[in-house]
Amino acid sequence: MRTNIYQNDVILHHSGKVYNVSKHCKLVCLKKTGLEKSLNKWQVAFFGDKSTADITKRVTIFDTTLRDGEQTPGVSFTLEQKISIAHQLSDIGVDVIEAGFPASSDVEFETVKRICQEEGIRPKICGLARSVKGDVDRCIEAGVDMVHVFVPTSEIQRTHTIKKTHAEVLDITRDIVSYARSKCDLVMFSPMDATRTEPSELIEVCRAADEAGVTIINIPDTVGVCTPSVMKPLVAMVRANVKCRIDVHCHNDFGLATANTIAAVEGGADQVQVTVNGIGERAGNADISQTVMILESIYGIKTNIHTEKMVETSRLVARYAQIAVPPIQPVVGENAFSHESGIHSHGVMSNPGTFEPGIMTPEMVGHRRRLKLGKHVGKHAVRQMLEDVNIKPSDSELDRIIVKIKEISGRGKKVTESDLFEIADSVTGSTYEEKIVVLDDISIFTGNHAIPTASVKAIVHGEKKSCSKNGDGPVDAAMKALLGIAPGHIELKSYQVEAISGGSDALGCVTIEVEDEKGRIFDASASNSDIVLASAEAMVNALNVVYRAGGFKE
C-alpha cells in the first residue's frame with residue numbers, strides 16, 4: 001500500500017486498486033488506472049496535512065499487559081503477580097484491563113475469574129475470545145465486563161490460519177458479535193491483521209460488526225508493518241464508516257508501535273491499547289508511559305492516567321516479568337532525566353528546560369532528575385555535588401578531582417557518589433571520619449532446603465545494633481537485615497553486579513542505588529570475591545553517603 005494526497009483527497013493504493021478517502025472519509029473504490037501496479041507489499045509515500053487530533057476529547061486506555069504482555073517469550077506471571085499488577089493498573093487509572101484468555105486453559109480461566117472478583121479494582125475487565133461461542137461463554141462465566149472477539153481478515157491470515165473466504169469471515173463476524181452482545185453489554189471486535197487487509201474488505205467487516213451491535217472496533221497492526229502516515233488515514237476511513245467507538249492495537253516489530261498508536265488517535269481513535277514497558281509478542285506493543293505522555297504533554301489530549309505513578313508501575317512489572325527496563329527507555333528509564341555531559345548538566349542546573357522537554361518533567365511521571373558522574377562530566381555538576389555534602393574544593397583541586405573521575409570512567413568503571421567523596425577527600429586532604437554505620441559482622445545461613453537468613457551486627461550512631469532477616473536468597477536477606485538497622489527509611493531502588501576478573505574466584509563489583517525519605521537517590525559500590533559481602537559493603541557505603549548528604553538527621 002502507498003498513500004498520497006491529491007488536492008485534499010487521501011488516496012490509498014492497495015493490491016492494484018485505488019481508494020479515495022476524502023476529507024469526509026467516505027470509502028470510494030476508484031477505477032484502476034494504467035499507472036497503478038498490483039502490490040503484494042505495503043509501500044508508503046504519504047504527504048498529509050499537519051492537522052492533529054481533536055484535543056477536546058478524552059482518550060481511554062486499554063491495558064493488555066496481563067494478556068498480550070504475558071505472551072512475551074519467557075514471561076509467565078503467577079496469580080498473585082497478576083492480581084498485584086491489576087491493582088497497580090487500577091491505581092494509575094487505566095480504563096480497561098484485558099485480564100487474559102479464559103478459554104485457553106483452566107488456570108487462565110481461574111485467574112481471570114479471580115481478578116474479576118477482586119475488591120478494589122476499578123477498571124472494566126476484558127476477556128479475549130476467538131470467534132467461537134464456547135470462548136465467549138467462558139468469558140461470561142469468568143465474570144468479565146467486556147468480551148473481546150477477533151477473526152483473521154487479511155488474505156494471508158484467512159488462507160493459512162482459518163481457511164475461510166472473505167464472505168465466510170463476514171458471516172462469522174455477524175454471528176459472533178451478535179452472540180457476544182446477547183451475553184454482554186460491552187463487546188470489542190478485532191479484524192485481526194487489519195493493516196494488511198484490503199481496505200474494501202476491512203470496511204465491509206467493520207460495517208458487519210457495527211451493524212451486529214459491537215460497542216467498539218479494534219484496528220490491530222498485528223505484525224507491526226504499518227507506518228504512521230498510513231495508520232492515520234486508515235483509522236479515519238474506518239471512523240467514517242462505522243458508528244461505534246474505535247480502538248487501536250499496535251505491535252512494535254519495526255519500532256513504530258507508539259508512533260502508529262498516536263497516528264491512530266490523530267485519525268479518530270477513541271481508545272488505545274498499551275502494555276507496561278511495551279512488553280508483548282515478539283518485539284512488544286505500544287508502551288503505556290510513552291503513549292500517555294505523548295498524548296497529554298505534546299497533544300494536550302487528556303486521559304484518566306495518574307502519570308506520577310508511571311515509574312513505580314514500570315518497576316513493578318519489570319520485576320515480575322524479570323525483564324530489566326533499559327536505562328535509555330523513554331519516560332521511565334534510569335537515564336530519562338539524568339545528565340552527565342558538562343554542557344547539559346550546567347544548562348539543566350540553570351534551567352531544566354534547556355536540556356529536557358520541559359512539557360514533561362520528572363515529577364510528572366514519578367521520576368527524579370540526577371546529575372551523573374562519568375568521563376563527560378563538567379565542573380559545575382561536580383562542584384554542586386560536592387557542595388551538597390559540604391566539600392568545597394579550590395579551583396585547582398576541582399580540576400584534579402575531575403581528572404581522577406575521567407581517568408576511572410575512561411577505564412570502563414562506573415563512578416558513584418561514594419567514589420566521588422573518597423576522591424575529593426584524597427585530593428583536598430580532608431579526613432571525614434564520621435560514619436553512621438560501621439559493619440561489625442555478617443553471617444548467612446542458606447541451603448537448598450533452608451530459608452536464606454542473614455544476621456548482621458553493626459555500630460549505628462555509636463550504638464551496637466543487630467538484625468536478622470529472611471530473604472529470597474542470601475543477598476536479599478543481607479540487604480533486608482542492613483536496612484533493618486538503618487536509622488531512617490531507605491529503599492533499595494536498583495542492584496547490579498558484574499565480574500571484574502575471571503575464574504570461580506572472580507572479584508565481583510556490586511553497584512546499588514538507594515532512595516532516602518526526601519526522594520533523593522544515591523549510588524554506591526563495593527568489590528569482593530564474596531558477592532554477599534560485596535553487596536553488604538555496598539549497602540553500608542550507601543547508608544553512609546546518605547548520612548553525609550544530610551540524611552538521617554533530625
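Note that the structure is predicted; figures quoted are calculated from it, not measured.

**Student:** Any chance you could explain the nonpolar core here in plain terms?
**Tutor:** Soluble, globular proteins show a tendency: their nonpolar side chains are buried together. Val 149 and Ile 217 are the most contacted members of the largest nonpolar core, which has 87 residues in total. Residues within four places of Ile 217 in sequence aside, it is in contact with Phe 189, Pro 191, Cys 206, Ala 209, Asp 210, Val 242, Cys 244, Arg 245, Ile 246 and Asp 247.

**Student:** Please explain the packing of aromatic side chains as it appears in this structure.
**Tutor:** Given two aromatic rings, one states the distance between the centres and the angle between the planes to describe the pair. Scanning the entire structure with this criterion turns up zero aromatic pairs. In this structure, Arg 138 packs its charged tip against the face of Phe 109, placed 3.8 Å from the ring centre.

**Student:** Where do I start with helix H6 (residues 199-211) in this structure?
**Tutor:** Side chains that are three or four residues apart share a direction in an α-helix, a result of its 3.6 residues per turn. Between the first and last C-alpha of H6 there are 18 Å, a value that for 13 residues agrees with the 18 Å anticipated at 1.5 Å per step. Pro 199, Glu 201, Leu 202, Ile 203, Val 205, Cys 206, Ala 208, Ala 209 and Asp 210 are the residues of H6 that are buried. Gly 213 sits one or two positions beyond H6 and adopts a positive phi of about 105 degrees.

**Student:** I tried to follow the state of the cysteines on my own but got confused; where do I start?
**Tutor:** Cysteine pairs can be covalently joined through their sulfur atoms, and such a bond is termed a disulfide. Summed over the entire model, instances satisfying the criterion amount to zero disulfides. Cysteine Cys 206 shares no disulfide, and the gap to the nearest cysteine sulfur, in Cys 244, comes to 7.8 Å. You can call Cys 206 buried: its relative accessible area is 0%.

**Student:** What's the story with the side chain of Thr 303 in this structure? I'm lost.
**Tutor:** For Thr 303, the position within the fold is in the loop between helix H9 (288-299) and helix H10 (310-321). Polar contacts involving the side chain of Thr 303 include one to the side chain of Glu 296, which spans 2.6 Å. Within the local environment of Thr 303, its side chain forms a polar contact with the backbone nitrogen of Ile 305, the two atoms lying 3.2 Å apart. Leave out the neighbours within four places in its chain, and Thr 303 touches Arg 58, Val 59, Ile 61, Val 292, Leu 295 and Glu 296.

**Student:** I'm lost on the sheet that holds strand S15 (residues 437-447) in this one. Help?
**Tutor:** Across a sheet, strands are paired by hydrogen bonds formed along the backbone, either parallel or antiparallel in direction. Strand order in the open sheet formed by three strands is S15-S16-S17, and the pairing between neighbours is antiparallel. The strands lining the two open edges of the sheet, one partner per strand, are S15 and strand S17 (463-470). Across the sheet, the mean angle from the axis of one strand to that of its neighbour is 10 degrees, orientation sign disregarded. Of the pairings in the sheet, the one linking strand S16 (residues 450-460) to S17 comprises eight bridges and is antiparallel in character. Bridged to Ala 458 within S17 is Lys 465. Contacts from helix H15 (residues 474-485) reach S15, S16 and S17 within the one sheet, and its direction differs from that of S16 by about 35 degrees.

**Student:** How should I be thinking about the pairing of strand S8 (residues 146-152) in this particular structure?
**Tutor:** On a regular strand, one side chain projects to one face of the sheet and the next to the other, so that they alternate. Here S8 lies mainly inside the structure; seven of its seven residues are buried. By the alternation rule, side chains of S8 split into Met 146, His 148, Phe 150 and Pro 152 and Val 147, Val 149 and Val 151, which are all buried. Alignment of strand S7 (residues 124-130) against S8, held across five bridges, turns out to be parallel. What sits directly across from Cys 126, in S8, is Met 146. At this point the chain moves from S7, through helix H3 (residues 133-142), to the parallel S8, and the crossover so formed is right-handed. Here S8 pairs with strand S9 (residues 186-192) via seven bridges, running parallel.

**Student:** Looking at this model, I keep getting lost on the sheet that holds strand S19 (residues 508-515). Mind explaining?
**Tutor:** Judged by pairing direction, the sheet is antiparallel, and its three strands sit side by side in the order S18-S19-S20 without closing on themselves. Of all strands in the sheet, those with a lone pairing partner are strand S18 (491-499) and strand S20 (521-528), marking the two edges. The sheet shows a mean angle of 15 degrees between the axes of neighbouring strands, direction not considered. Both S18 and S19 contribute to a ladder of eight bridges, which runs antiparallel. From the neighbouring strand, Glu 491 faces S19, where its bridge partner is Glu 515. In this fold helix H16 (residues 531-548) packs onto S18, S19 and S20, with an angle of close to 145 degrees to the strand it touches most, S20.

**Student:** Any chance you could explain the packing of helix H2 (residues 106-117) against H3 here in plain terms?
**Tutor:** A pair of packed helices is characterised by two quantities: the angle between their axes and the separation of those axes. Closest axis-to-axis distance for the H2/H3 pair is 8 Å, and the angle between their directions is 40 degrees. Judged by the angle between their axes, H2 and H3 are oblique. Across the interface between the two elements, Asp 106, Phe 109, Val 112, Lys 113 and Cys 116 of H2 pack against Arg 138, Glu 141 and Ala 142 of H3. For the contact of H2 with H3, the per-class residue count stands at four nonpolar, no polar and four charged.

**Student:** What should I look at first to understand the side chain of Ser 418 in this one?
**Tutor:** Mapped onto the elements of the fold, Ser 418 is located in helix H14 (residues 417-428). Relative accessible area serves as the criterion here: at 8%, Ser 418 is assigned to the buried category. Once you skip the residues sitting within four places of it in the chain, Ser 418 turns out to touch Asp 523, Ala 524, Asn 541 and Val 545.

**Student:** How should a nonpolar patch on the surface be read in this particular structure?
**Tutor:** A cluster of nonpolar side chains, Leu 492, Tyr 495, Val 497 and Ile 531, forms an exposed patch at the surface whose accessible area comes to about 290 Å². Ranked by the residues each element gives to the nonpolar patch, the list is headed by S18, at three residues. Here Tyr 495 is to be found in strand S18.

So, how was this worked out
Just so you know, the residues in each chain are numbered from 1, in the order the chain's sequence is written. Only residues with pLDDT of at least 70 are given local features in this predicted model, and only at 80 or more are side-chain atom pairs given and counted; all residues enter the totals for whole chains, interfaces and linings. Hydrogens and water are ignored here; the side-chain numbers use all heavy atoms of the structure. Among buried residues, those of type Ala, Val, Leu, Ile, Met, Phe, Trp, Tyr and Cys that are joined through side-chain atoms within 4.5 Å constitute a nonpolar core. Burial classes follow relative accessibility: with a 1.4 Å probe on protein chains only, a residue under 20% of its type's maximum area counts as buried, one over 50% as exposed, and anything between as partly exposed. By definition in these notes, contact holds between two residues if any of their heavy atoms fall within 4.5 Å. Each Phe, Tyr or Trp ring (for Trp, its six-membered ring) is paired with any other whose centre lies within 6.5 Å, and the angle between the two planes then decides the class: stacked below 30 degrees, edge-to-face above 60, tilted in between. Think of it as a cone above the ring: NZ of Lys or CZ of Arg counts as a charge over the ring if it is within 6 Å of the ring centre and within 35 degrees of the ring normal. Secondary structure counts use DSSP, requiring at least four H or I residues in a row for a helix and at least two E residues in a row for a strand, with both numbered from the N terminus. One less than the residue count of a helix, multiplied by 1.5 Å, gives the span that helix is expected to have. What counts as a disulfide here is a pair of cysteine sulfur atoms lying within 2.5 Å. Contacts described as polar in this section are N or O atom pairs within 3.5 Å, which, within protein, must combine one atom able to donate a hydrogen with one able to accept it, while residues neighboring in sequence count only if both atoms come from side chains. Only when DSSP finds a minimum of two bridges between them are two strands counted as paired. What counts as an axis is a line fitted to C-alpha atoms, over the stretch in contact for a helix, and the angles between N-to-C directions run from 0 to 180 degrees. Crossovers are described as right-handed under a simple rule: with the strands pointing away from the observer, the path leading from the first strand over the helix to the second runs clockwise. Just so you know how the angles are binned, under 35 degrees is roughly parallel, over 145 roughly antiparallel, 65 to 115 roughly perpendicular, and the rest oblique. Note on residue categories: nonpolar means Ala, Val, Leu, Ile, Met, Phe, Trp, Tyr, Cys or Pro, charged means Asp, Glu, Lys or Arg, and polar means any other residue, Gly included. A residue counts toward a patch only above 30% relative accessible area and without a salt bridge, and it is joined to like-charged neighbours within 9 Å or, for Val, Leu, Ile, Met, Phe, Trp and Tyr, to nonpolar neighbours within 5 Å. Residue exposure ignores everything except the shown protein chains as possible cover, and the areas themselves are Shrake-Rupley values with a 1.4 Å probe. Should a side-chain nitrogen of Lys or Arg be within 4 Å of a carboxyl oxygen of Asp or Glu, the pair is scored as a salt bridge.

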